[in-house]
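Each chain is listed here by its residues.
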Amino acid sequence: MSKSPTDVVRPHALAAAEEGLKNGLALDQIGRAMLDQAIELLMKEQSPEAVASELEFVARNLGDFEDNSFMRP
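What counts and how
Residues numbered from 1 in each chain as written. Predicted model: local features only at pLDDT ≥ 70, side-chain atom pairs only at ≥ 80, totals over all residues. Heavy atoms only, no water. Axes fitted to C-alpha atoms, helices over the stretch in contact; angles between N-to-C directions. Helix = DSSP H or I, 4+ residues; strand = E, 2+ residues; numbered from the N terminus. Parallel < 35°, antiparallel > 145°, perpendicular 65-115°, else oblique. Left-handed = near helix turned anticlockwise from the far one by under 90°. Contact = heavy atoms within 4.5 Å. Nonpolar A, V, L, I, M, F, W, Y, C, P; charged D, E, K, R; others polar. Salt bridge = Lys/Arg side-chain N within 4 Å of Asp/Glu carboxyl O. Buried < 20%, exposed > 50% of the residue type's maximum accessible area, 1.4 Å probe, protein only. Expected span 1.5 Å × (residues − 1).

## Brief notes about the packing of helix H1 (residues 5–22) against helix H2 (residues 27–43)
- Orientation of H1 relative to H2, taken along the N-to-C sense of each, is 135°, at an axis distance of 9 Å. Judged by the angle between their axes, H1 and H2 are oblique. Note on packing geometry: the crossing formed by H1 with H2 is right-handed. From H1, Ala13, Ala16, Ala17, Gly20 and Leu21 reach across to H2, where they touch Leu27, Ile30 and Met34.
- The class makeup of the residues in the contact of H1 with H2 is 7 nonpolar, 1 polar and no charged.

In structure tokens form, the structure reads like this:
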């Protein structure tokens, strides 16, 4: 059985958060840095408009923590 993108990324994100906290960073700082990196990755294969649409979708669904990639534009 193959892993979902979330299954692949989550352990790395948790490890980065742990390392950041050990280095005196706040979780919101770490989260913004991860968001910056995610946007950088998205921009490699998508237009700025497509990335903005993706970010809007995520923002509108902040309370929903399920993997809804099948619903994304």
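## Here's the deal with the pattern of salt bridges
- For the structure shown, the criterion picks out 3 salt bridges.
- In this structure, Arg32 and Asp28 form a salt bridge, with 3.5 Å as the shortest nitrogen-oxygen distance. Taken together, the positions of Arg32 and Asp28, both in helix H2 and 4 residues apart, correspond to about one turn of that helix.
- Arg60 is the salt-bridge partner of Glu56, the closest N and O atoms lying 3.4 Å from each other. Remark: Arg60 and Glu56 occur in helix H3 (residues 48–60); sequence separation between them is 4 residues, near one turn of the helix.
- Judged by its relative accessible area of 47%, Glu56 is partly exposed.

## Considering H1
- Between its first and last C-alpha atoms H1 spans 26 Å; for 18 residues at 1.5 Å apiece the expected length is 26 Å, and the two agree.
- Looking at the residues trailing H1, positive phi occurs at Gly24, about 85°.

Purely spatial values, then, with no claim about function.
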